[in-house]
Amino acid sequence: MKDGNLVIVESPAKAKTIGKFLGKEFLVKSSFGHIRDLSKKNLGIDIDNNYKPQYIVSSEKKKIVEELKKLSSEATTVWLASDEDREGEAIAWHLVETLKLDPAKAKRIVFHEITAEAIKKAISNPRYIDTNLVNAQQARRLLDRLVGFELSPLLWKKIKPALSAGRVQSVTVKLIVEREREINHFKTSSAFRITADFIIKGKGDKKYKLVAELDKRIRNKTDVLDLLGKLKSATFIVENVTKKSGKKSPSPPFTTSTLQQEAGRKLGFSVAQTMTLAQKLYEAGKITYMRTDSVNLSESALYSSAQLIQSQFGKEYLQTRRYKTKTKGAQEAHEAIRPAYMENSSISGSAPEKKLYDLIWKRTIASQMSDAITEKTVITISNSSSTEKFIASGEVIRFDGFLKVYMESSEEEEDETGKGLLPPITVKDNLPLEKIDAIEKYTTPPPRYSEASLVKKLEELGIGRPSTYAPTISTIQQRGYIIKEDRPGKNRNVVFITLENNLIKEIIKSETYGAEKAKLFPTDIGMIVNDFLEQYFTEIMNYNFTATVEEEFDQIAEGKMEWTKMIDRFYHTFHLKIKETETISEKTRGERILGTDPVSGKKVSVKIGRYGPLVQIGDASEKEKPRFASILKGQSIENITLEEALDLFKLPRNVGKMDGDEIVAGIGRFGPYLRLKNKFYSIPKTDDPLSVTLERAFEIIRAKQEQENNRIIKSFDTDPKIEILNGRYGPYISAGNKNYRLPKGIKPEEITSEEIMKIIAGSEKKNKKKK
DNA sequence: CAGTGAGCGAGCTTCCGCTTGACTT
């Protein structure tokens, strides 16, 4: 370290790039985020000593702290270059405290973009640590600790061990619980959507189809039949044609939240997957920092985007835009997420990395392009038999603008009408009717959250930070409060009425609805914990709680409020409520009584048991033990009916005999099964263990036996331990207790033992390399 | 791999935000 300059930043990747800009006179090191935190023993807060925090360096941070201590003692100046936000300021302060830095040689600097110019400017404008901002962070930290470490033990006592609660996670669960209940209570209704198809003759043999929709929906079927009857003999005339031009603007560049949403919708990535991939791109220097709430682009990025757009698409596609962040509580310590070098429209790397990069590149470029110009045409059609109007609308793009590279997607279903070019039509044209369809359309309940839409909601409410969206979603899944899964749809009948060739026909069609893919569902324990917290801790469960305390943190940051006083005011009432709830609340297992068992006349109830939700018939008494059964996947304490509960006791059941041995059908931890001579055969989703016939059971068992007989594709006399087997994911090599993948292009029947040895040796090498 | 369900008590669990690996499949 020449001239004794030590620069400390938060991330090692940032340290690397800054190191290049600053040259050899500066040694740039990373703190890897926070270097110390509240002690985990007890609260880590000395309540009686004016909330004195007990900070300790955790074991995994000891090494880096020792290194920084040594380097800083040798340095003449230590530049604290953590992010310019509440957490960054606190990191700098903790460094001063822990490294015991002489205030004379510790200088605080900040920069928002990583360019040589910005960094040099920062170096020439150092400041002191902002104690108020640090105190705002301490208030945030202590509040979260107090809430988390006093609420969680209460749940252990009142509900079950190892549960958790916190300012962020508990309201996140609440969002999902409330949405599920909205869906359960939703009263669906239906009305007929009526569309008319007209055939329009163009030049020569050309024909166009024009689809128009009745300007309202009709609830009643007899009213629909009535209208269609009238329209049988009607003539249809174009009453009005209007054209209106409109425009569409691009979305701002990505923040963490919008990247997670779009990668989820467009690429099907989970929130955690997106973040892992983005981290890799960031470490490889391909994109800017991926945990950000800012939509700002650096001047140099604006410039290089503009160059690129002009040369690739032309001047008319360029519109330089500077976006402003509107998000609640945004701290904007970084730029938006963008390619590090705009001129790289693609990168090398794994397929998912490439896809994510492509998404980021397109979104960034599009954000600097001109609006798309559209033209919307609306045709109003009247008829001779009634006063009803049909409307046809279409939209065409007159100038594509940013749509040339990027189109944002949406989770809501798209309307089928209102798209594309309409045939050439003028007022008073007579339209020949082809047919009229009336389809029964049901109203739909609000959609369940996906990971992506949940993150969107959290950001809107100002709950959580870019660095916590992904971990929060995984925590509440780990605690068993929510589950991400697919659910099959249900069937229902739809009335479909057609008027064609002067005939009215009515048919009943079946449609599936409500099928879900990778959606978030609350579990029983999630709902029980949620209801408990809602009952006793209304303030913390309020969606505005974070926003309210954030206002106070801002006051502290501005020096208008003392942080310990804020904490004291909060803790005083909160702690009293904890103590009170400890005494007044009962231990809850979420019990619900379903009714009486018609056979025994005993009480049937559902509740949370030691191993999950269960149904119970009868109460525990000296004479008799109650009967128990676990509830099934997809069932819940809240929704299960008496009938469904009683069905659970019909299993396991004897299906019949196969070659003298009994076949038993049941449902275990891994789903429905058939058991024959202590061997298990999974029952496929198309069948039901309650109704599966003996004949069908034979089929299922034989299919599985057949599959097992075909399991061995090839074996070797030279080495009996090695076999080529047919597995769930295709053929693979089994050697002893280890499995290896077959390389692409090799036919499993033709592989030699030499080739296998090579594959095994190659895989061993790879493992060693990783270490 | 395909169960379980009493009560007691010891010892454990837990928060949010900053940051990466070190693990396994």
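Our structure's up above, just so we're on the same page.
Residues numbered from 1 in each chain as written. Chains lettered and ligands numbered in written order. Predicted model: local features only at pLDDT ≥ 70, side-chain atom pairs only at ≥ 80, totals over all residues. Heavy atoms only, no water.

Now for the overall build of chain A. When its secondary structure is counted, chain A shows 20 helices and 31 strands. When its C-alpha atoms are laid out on the principal axes, chain A stretches across 95 × 85 × 75 Å. The buried share of chain A, taken over its 771 residues, is 46%. Taking all contacts inside chain A whose residues are at least 6 apart in sequence as the whole, residues at least 24 apart take part in 68%. Here chain A has roughly 42500 Å² of accessible surface; of this, 50% comes from carbon and sulfur atoms. Mean positive and mean negative side-chain charge positions of chain A (129 and 107 charges, respectively) differ by 3 Å. (Helix = DSSP H or I, 4+ residues; strand = E, 2+ residues; numbered from the N terminus. Buried < 20%, exposed > 50% of the residue type's maximum accessible area, 1.4 Å probe, protein only. Contact = heavy atoms within 4.5 Å. Areas by Shrake-Rupley, 256 points an atom, 1.4 Å probe, with all protein chains shown as cover. Lys, Arg positive; Asp, Glu negative; His and termini not counted. Charge placed at Lys NZ, Arg CZ, Asp CG, Glu CD.)

What follows is about the pattern of salt bridges. Tallied over the entire structure, the rule returns 49 salt bridges. Two residues, Lys 248 and Glu 395, come together in a salt bridge whose shortest N-O distance is 3.3 Å. In this pair, Lys 248 is assigned in strand 11 (residues 236–248) and Glu 395 in strand 13 (residues 390–399), connecting sequence segments 147 residues apart. Because the salt bridges share partners, they merge into one network encompassing Glu 87, Arg 140, Asp 144 and Arg 167. (Salt bridge = Lys/Arg side-chain N within 4 Å of Asp/Glu carboxyl O.)

This part takes up helix 6 (residues 169–185). In this model, helix 6 (17 residues) spans 25 Å end to end at C-alpha, consistent with the 24 Å of a helix rising 1.5 Å per residue. With 13 of its 17 residues buried, helix 6 lies for the most part within the structure. (Expected span 1.5 Å × (residues − 1).)

With that settled, the discussion passes to the protein's contact with DNA strand B. Around DNA strand B lies a shell of 52 residues, among which His 34, Ala 162, Tyr 289, Tyr 611 and Phe 670 are the nearest. Each atom of DNA strand B within 4 Å of the protein was classed as base or backbone; sugar and phosphate made up 50%. In the model, a phosphate oxygen of DNA strand B is placed 3.3 Å from a nitrogen or oxygen of the Ser 164 side chain. Between DNA strand B and Val 168, the relevant distance is 3.0 Å, taken from a phosphate oxygen to a main-chain nitrogen or oxygen of the residue. Only helix 5 (131–158), helix 9 (271–283), strand 22 (612–617), strand 23 (627–630), strand 26 (671–676) and strand 27 (679–682) provide two or more residues apiece to the surface near DNA strand B. (Near = heavy atom within 4 Å. Polar contact = N/O pair within 3.5 Å; in protein donor to acceptor, adjacent residues only side chain to side chain.)

Attention now moves to the sheet that holds strand 8 (residues 106–108). The strand order 2-1-7-8 describes an open sheet built from 4 strands, whose pairing is parallel. Because the sheet does not close on itself, it has two edges, and the strands there are strand 2 (26–30) and strand 8. Averaged over all adjacent pairs, the angle separating strand axes in this sheet is 25 degrees, with direction ignored. Here 4 bridges tie strand 1 (residues 5–9) to strand 7 (residues 77–80), and the two strands are oriented parallel to one another. For Ile 8, the partnering residue across the bridge sits in strand 7 and is Leu 80. In this fold helix 1 (residues 12–22) packs onto strand 1 and strand 2, with an angle of close to 170 degrees to the strand it touches most, strand 2. Relative to strand 2, helix 2 (residues 62–74) is tilted by about 160 degrees, and along the sheet it contacts strand 1, strand 2 and strand 7. (Pairing = 2+ DSSP bridges. Axes fitted to C-alpha atoms, helices over the stretch in contact; angles between N-to-C directions.)

Before going further, it helps to examine the sheet that holds strand 23. The strands that make up a sheet are held in pairs by hydrogen bonds between backbone atoms, and each pair lies either parallel or antiparallel. Taken together, the 4 strands give an open sheet; going across it, the order is 20-21-22-23, and neighbouring strands pair in antiparallel fashion. The outermost strands of the open sheet, each flanked by one partner alone, are strand 20 (592–596) and strand 23. Between one strand and the next, the sheet's axes are offset by a mean angle of 25 degrees, whatever the strand orientation. As defined by bridge partners, strand 21 (residues 603–609) adjoins strand 22 across 6 bridges and the pair is classed as antiparallel. Paired with Val 604 across the bridge in strand 22 is Ile 617.

What follows is about the environment of Arg 193. In this structure, Arg 193 sits in strand 9 (residues 190–201). With 428 residues separating them along the chain, Arg 193 and Ser 621 place their C-alpha atoms 59 Å apart. Reaching out from Arg 193, the side chain makes a polar contact with the side chain of Glu 213 at a distance of 3.5 Å.

Following the sequence through the fold, Thr 195 ends up in strand 9. Residue Thr 195 is classed as buried on the basis of its relative accessible area of 10%.

This part takes up empty space enclosed by the protein. Under the definition given, this model contains 3 cavities of 30 Å³ or more. Put simply, the largest cavity is a space of about 50 Å³. Lining of the largest cavity is provided by Ser 164, Ser 170, Val 173, Tyr 481, Gly 526, Val 529, Asn 530, Leu 533 and Met 541. Sorting the residues of the lining of the largest cavity by element identifies helix 6 and helix 14 (524–536) as the ones contributing at least two each. Looking at the lining of the largest cavity element by element, the count peaks at 4 residues for helix 14. Split by residue class, the lining of the largest cavity holds 5 nonpolar, 4 polar and no charged. (1 Å grid on protein atoms, 1.4 Å probe; cavity = no way out; pocket = protein on both sides within 12 Å on 5 of 7 lines; lining within 4 Å. Points joined across faces, edges and corners; volume = space filled by probe spheres on them. Nonpolar A, V, L, I, M, F, W, Y, C, P; charged D, E, K, R; others polar.)

In this section: the pairing of strand 13. Here strand 10 (residues 207–214) pairs with strand 13 via 2 bridges, running antiparallel. Along strand 13, the bridge assignment pairs Glu 213 with Ile 391. In this sheet, strand 13 lies alongside strand 12 (residues 372–383) in antiparallel orientation, the contact comprising 9 bridges. Within the sheet, the bridge partner assigned to Thr 380 lies in strand 13 and is Ile 391.

Along the chain, Thr 588 turns up in the loop between helix 17 (563–584) and strand 20. Judged by its relative accessible area of 23%, Thr 588 falls in the partly exposed class. When the C-alpha positions of Thr 588 and Glu 434 are compared, they lie 64 Å apart, and in sequence the two are 154 residues distant.

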